[in-house]
Amino acid sequence: MFVSDRVRASIAAALSQNRMEDARELIEQALSSMPPHWKPLEEDDKAIRGAFWDQDEFFAYVGSHRSDNEKSIFWTTVSFSKLWWQLAGVNISEDRFDNATVCIEKGLELEPDHPMLWIERGYIFNRIGRPQEALEAYRKATTVRRWAQPAVAARALRGQGSALIDLGQFAEARNVYNAALELDPTSESAHKELEYIEQALADKKKQAATLPWFLHAIKFPPTDPVTLQLMPLVQGMESIPRS
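Residues numbered from 1 in each chain as written. Predicted model: local features only at pLDDT ≥ 70, side-chain atom pairs only at ≥ 80, totals over all residues. Heavy atoms only, no water.

## Focus: the packing of helix H7 (residues 131-143) against helix H8 (residues 150-166)
In step 1: Closest axis-to-axis distance for the H7/H8 pair is 8 Å, and the angle between their directions is 160 degrees. As summarised for this structure, H7 and H8 are arranged roughly antiparallel, according to the angle between their axes. Helix-helix and strand crossings are classified by hand; for H7 and H8 the assignment is left-handed. Facing H7, whose interface residues are Pro-131, Ala-134, Leu-135, Tyr-138, Arg-139, Ala-141 and Thr-142, H8 presents Ala-153, Ala-156, Leu-157, Gly-159, Gln-160, Ala-163, Leu-164 and Asp-166.
In step 2: Classifying every residue of the contact of H7 with H8 gives 10 nonpolar, three polar and two charged. (Axes fitted to C-alpha atoms, helices over the stretch in contact; angles between N-to-C directions. Helix = DSSP H or I, 4+ residues; strand = E, 2+ residues; numbered from the N terminus. Parallel < 35°, antiparallel > 145°, perpendicular 65-115°, else oblique. Left-handed = near helix turned anticlockwise from the far one by under 90°. Contact = heavy atoms within 4.5 Å. Nonpolar A, V, L, I, M, F, W, Y, C, P; charged D, E, K, R; others polar.)

In structure tokens:
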């Protein structure tokens, strides 16, 4: 069974209009038609045929591979790995993160080098409070495909920045957000996150400068409200001399 342009357009419309149940039904029907040995790229002696996700990906592939050979490159069938990615998005919108993870794994089985699948994997980990695993997925997204579009690479870097913020690694987060802006200078979210990071670093520096004497030797000073309220009571005390 062939997934027609009309079906693909209907899926896109349902997603953009937030009609998630309609989108789920259409996507699952389309996935049921996947041939048993489907691959995102097929190559013979004369041509390469690819199931690209969008026009930008197609042009990025052509631009990267045209010099490698003289074969014609065609954009052909629907991408079933993209359909799994879209179904993951439906599940995420309904907070069904376990189901979304299964969808991403299915997509990666078909196309393990697609950065958008790794980005979505990272996003799911961030949403369920596992920032270290999110960071690893976003890092994979930046390196898994040498011909990825700059906008996609920038998105993966912004994901890294978000995970690093959750991990409290603000200096590293600043570095990756600046790298993302080199690829996508118009990103409002990157600019906003950099402003947040600069404020967080300034607050951290100010807090370190005002710590009482007995906390300077502690690697991880307390941040709980009760201890912070007790600090002023002992700030004027001198250290106990050794006998």
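## Side note on the packing of aromatic side chains
In step 1: In this structure the tally under the stated criterion is eight aromatic pairs.
In step 2: Between Phe-52 and Phe-58, the ring centres sit 5.4 Å apart and the planes meet at 65 degrees, which makes this aromatic pair edge-to-face. The two residues Phe-52 and Phe-58 agree in class, both being buried.
In step 3: Taken together, Phe-52, Phe-58, Phe-59, Tyr-61, Trp-75 and Trp-147 form an aromatic cluster joined through their ring pairs.
In step 4: The ring of Trp-118 is capped by Lys-140, whose NZ or CZ atom sits 5.7 Å from the centre of that ring. (Phe/Tyr/Trp six-rings, centres within 6.5 Å; stacked < 30°, edge-to-face > 60°. Buried < 20%, exposed > 50% of the residue type's maximum accessible area, 1.4 Å probe, protein only. Lys NZ or Arg CZ within 6 Å of the ring centre and 35° of its normal.)

## Quick word on the sheet that holds strand E1 (residues 41-43)
In step 1: Spatial ordering of the open sheet is given by E1-E2-E3, a layout of three strands whose pairing is mixed. Of all strands in the sheet, those bounded by a partner on one side alone are E1 and strand E3 (72-75). Taking the axes of each pair of neighbouring strands and ignoring which way they run, one obtains an average angle of 15 degrees across the sheet.
In step 2: As paired strands, strand E2 (residues 47-50) and E3 are joined by four bridges and run parallel to one another. Its bridge partner being in E3, Arg-49 is matched across the sheet by Phe-74. (Pairing = 2+ DSSP bridges.)

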